[in-house]
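Take a look at the letters that make up each chain.
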Amino acid sequence: MSLEDDAEELASDLGVDKEEVLEDLEKLVSYSVPLDEAKGSLRRKYGDGSASGGDEPTTKDIAEVTTADGNVTVTGRVLTVGKRSIRYQGDEQVIHEGELADATGVISYTAWEDFGLSPGDTVTAGNAGVREWEGSPELNLGQSTTLVFEDDDLDVPYEVGGDRTLGDLEPGDRGRNVVVRVLECEEKTIDGRDGETEILSGVLGDGTGRLPFTDWDPHDEITAGASVRIEDVSIREFRGVPSVNVSEFSTVIALNEDVSVSDEAPEMAIGEAVGDGGAYDVTLVGNLIEVRDGSGLIERCPECGRVVQNGQCRSHGAVEGEDDLRVKAILDDGTGTVTAILGHDLTAEIYGGGIEDAKDHARDAMDKEVVADDIREKLVGKEYRVRGQLSVDEYGANLDATEFAESDDDPAERAAAALSEVRG
Ligand SMILES: [Zn+2]
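How each quantity is defined
- Residues numbered from 1 in each chain as written.
- Predicted model: local features only at pLDDT ≥ 70, side-chain atom pairs only at ≥ 80, totals over all residues.
- Helix = DSSP H or I, 4+ residues; strand = E, 2+ residues; numbered from the N terminus.
- Buried ≥ 20, exposed ≤ 12 C-beta atoms within 10 Å, placed from the backbone.
- Expected span 1.5 Å × (residues − 1).
- Arc of directions from axis to C-beta.
- Contact = placed C-beta atoms within 7 Å.
- Core = buried A, V, L, I, M, F, W, Y, C linked by C-beta atoms within 7 Å.
- Domains from an automatic or database assignment.
- Pairing = 2+ DSSP bridges.
- Axes fitted to C-alpha atoms, helices over the stretch in contact; angles between N-to-C directions.
- Parallel < 35°, antiparallel > 145°, perpendicular 65-115°, else oblique.
- Left-handed = near helix turned anticlockwise from the far one by under 90°.
- Nonpolar A, V, L, I, M, F, W, Y, C, P; charged D, E, K, R; others polar.

Named according to an unreviewed UniProt entry, the protein chain is Single-stranded DNA binding protein originating from Halosegnis marinus.

Spelled out as structure tokens, the structure:
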């Protein structure tokens, strides 16, 4: 859907001029306001005419709130509160985001005013706006919302507070707290919207897994090897892989004791891992059913690293390719398939030789394909355990392998486990 389509839909919803809406929408998006947020703010600006129909807000259970509601009144317990700064109509604005729950369900909220919310508070939000966020209803608490703190706490069947393990985090999460060890950390200079900015990026680990992180407002406590508690992080995703965002509103507390980090990557069924949209560090086990074209002895563009075919790079035209070794193999466990991609070192190990050996081999046979054929013969039909980063996007489900080994699992047991997972 283009911005123009969005503007048209919004304009007809709100009963206002499309050009005007499009202009506003383009401006907000150019300020890096996420599209859904931009649409939400325009709905507020133009009064959310048809959606609310001017009705008095009705009091609803949280599970009953739908994206068709204009305004509602709900009573709920604040589960989490995250603070974030966004640029709205050219100005920096601090918003609070999190989840609110009652006995019937959980709903996300965005507070455009500082109501002083804390996890555990029970509040009644009168005249809260409802907008759609990634297909689900979300509450907008703004100027026209009356917020009352209740004396009696509502009992809710959900965890109050943002403490989570890395394995529990999902893209879109806000106001989360983690206790982690900083496994990798480097300083980077990026071109931010206010010029050059220093940031930190690296990898965090705990007993459940590892995730990449970015600290947009470098905290001194975050250094390689440090064990820290980080409060108020949000989770973004990049090509299906969740990433932890640390901001100026995050609190970082240095811990005296080392946080233990698992050496293993969590093992998942392929269908589940792909369904989740990706994973930073995961172990998948399956039958290697095919070694794809573009495996074995290949050539890469010296400029961009893309695979060169017939001396041509897709971006750089005719180039002098550089030799490399690679395997692209399809792994299938009965619940799904992924393409495992093995780089030079893992490929050389499987092939039993390096680039020079492969070139000799190809020269003798007068055919480059002999290298891939050799690898194919060794791999196809056996079961492998592959660890790596799984990304799921328009290029498919690709597992960038960091470890690759023949599985010693009992195949019958594995098949049964996979089937029971599929049957739920
Ligand atoms: Zn290139």
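> Which residues make up the overall build of the protein chain, and what values go with them?
Helix and strand counts for the protein chain stand at 9 helices and 21 strands. Expressed as lengths along the three principal axes of its C-alpha atoms, the size of the protein chain is roughly 80 × 50 × 45 Å. Counting over 424 residues, the protein chain shows a buried share of 34%.

> Help me get a handle on helix 2 (residues 18–30), residues and values and all.
The first and last C-alpha atoms of helix 2 sit 18 Å apart over 13 residues, in line with the 18 Å expected at 1.5 Å per residue. Buried within helix 2 are the following residues: V21, L25 and L28. Along helix 2, the residues classed as buried sweep out an arc of 65 degrees about the axis, all on the same side. Relative to its buried face, helix 2 has exposed residues pointing more than 90 degrees away, namely E19, E23 and S30. In this structure, the buried residues of helix 2 make contact with helix 1 (3–14) and helix 3 (35–45). Among the residues trailing helix 2, S32 stands out with phi positive, at a value near 65 degrees.

> Which residues make up the nonpolar core, and what are the values?
Residues A273, L284, V338 and A340 are the most contacted members of the largest nonpolar core, which totals 53 residues. Here the element with the most residues in this core is strand 14 (residues 278–291); it accounts for 7 residues. Split by domain, this core shows at least three residues from each of two domains, domain 3 (166–254) and domain 4 (270–422). Among all residues touching L284, those that are not within four sequence positions of it are M268, I270, A273, L331, V338, V386 and L399.

> Before we move on, could you go through helix 6 (residues 344–351) and cite the residues and values that matter?
The set of residues buried in helix 6 consists of L346, T347 and Y351. Down the axis of helix 6, the sector holding all buried residues measures 130 degrees, keeping them to one side. Once helix 6 ends, the next one or two residues include G352, with phi positive near 85 degrees.

> Help me get a handle on the pairing of strand 9 (residues 195–206), residues and values and all.
Inspection of the sheet shows strand 8 (residues 176–192) paired to strand 9 by 11 bridges, in the antiparallel sense. When the sheet's bridge partners are listed, E186 is paired in strand 9 with S201. If you look at the hairpin formed by strand 8 and strand 9, you'll find 2 residues sitting between the two strands. Pairing geometry for strand 9 and strand 10 (residues 209–215), over 7 bridges, is antiparallel. In the sheet register, D206 faces strand 10, and the bridge partner there is G209. Between the end of strand 9 and the start of strand 10, which pair antiparallel, lie 2 residues.

> Any details on the environment of I270? Residues and values, ideally.
Topologically, I270 is positioned in helix 5 (residues 270–275). Taking the C-beta count within 10 Å as the criterion, I270 has 24 such neighbours and is therefore assigned buried. Apart from residues no more than four positions distant in its own chain, I270 is found in contact with L284, G286, L331, D333, T335, G336, T337 and V338.

> Pulling in residues and values, what's your account of the pairing of strand 18 (residues 322–332)?
Across 4 bridges, the pairing between strand 14 and strand 18 is antiparallel. What sits directly across from L288, in strand 18, is L331. Where strand 15 (residues 296–300) lies against strand 18, 5 bridges are found, and the strand directions are antiparallel. Looking across to strand 18, one finds that G296 is bridged to R326. Relative to strand 19 (residues 337–342), strand 18 runs antiparallel, the two sharing 6 bridges. By the bridge assignment for strand 19, L331 is matched with V338. Here strand 18 folds back onto strand 19, and the loop between the two strands holds 4 residues, one of which, G334, carries a positive phi near 90 degrees.

> Any details on the environment of S32? Residues and values, ideally.
Among the secondary structure elements, S32 is positioned in the loop between helix 2 and helix 3. When the C-alpha atoms of S32 and R193 are compared, they prove to be 9.1 Å apart, with 161 residues separating the residues in sequence. Look past the residues within four positions of S32 in its chain and what remains in contact with it is R87 and R193.

> Give me unusual backbone geometry: which residues, what numbers.
Despite not being glycine, N127 shows a phi value in the positive range, around 60 degrees. Locating N127 in the fold gives a position in strand 5 (residues 122–133). Residue M366 is not a glycine yet carries a positive backbone phi of 55 degrees. With respect to the secondary-structure elements, M366 resides in the loop between helix 7 (355–365) and helix 8 (369–379).

> Break down the packing of helix 1 against helix 3 for me, with residues and values.
For the pair helix 1 and helix 3, interaxial distance at closest approach is 11 Å and the crossing angle is 25 degrees. Viewed along their axes, helix 1 and helix 3 adopt a mutual orientation that is roughly parallel. Crossing handedness for the pair helix 1 and helix 3: right-handed. Across the interface between the two elements, D6, L10 and L14 from helix 1 touch L35, K39, L42 and R43 from helix 3. Each residue belonging to the contact of helix 1 with helix 3 can be placed in one class, and the counts come to 4 nonpolar, no polar and 3 charged.

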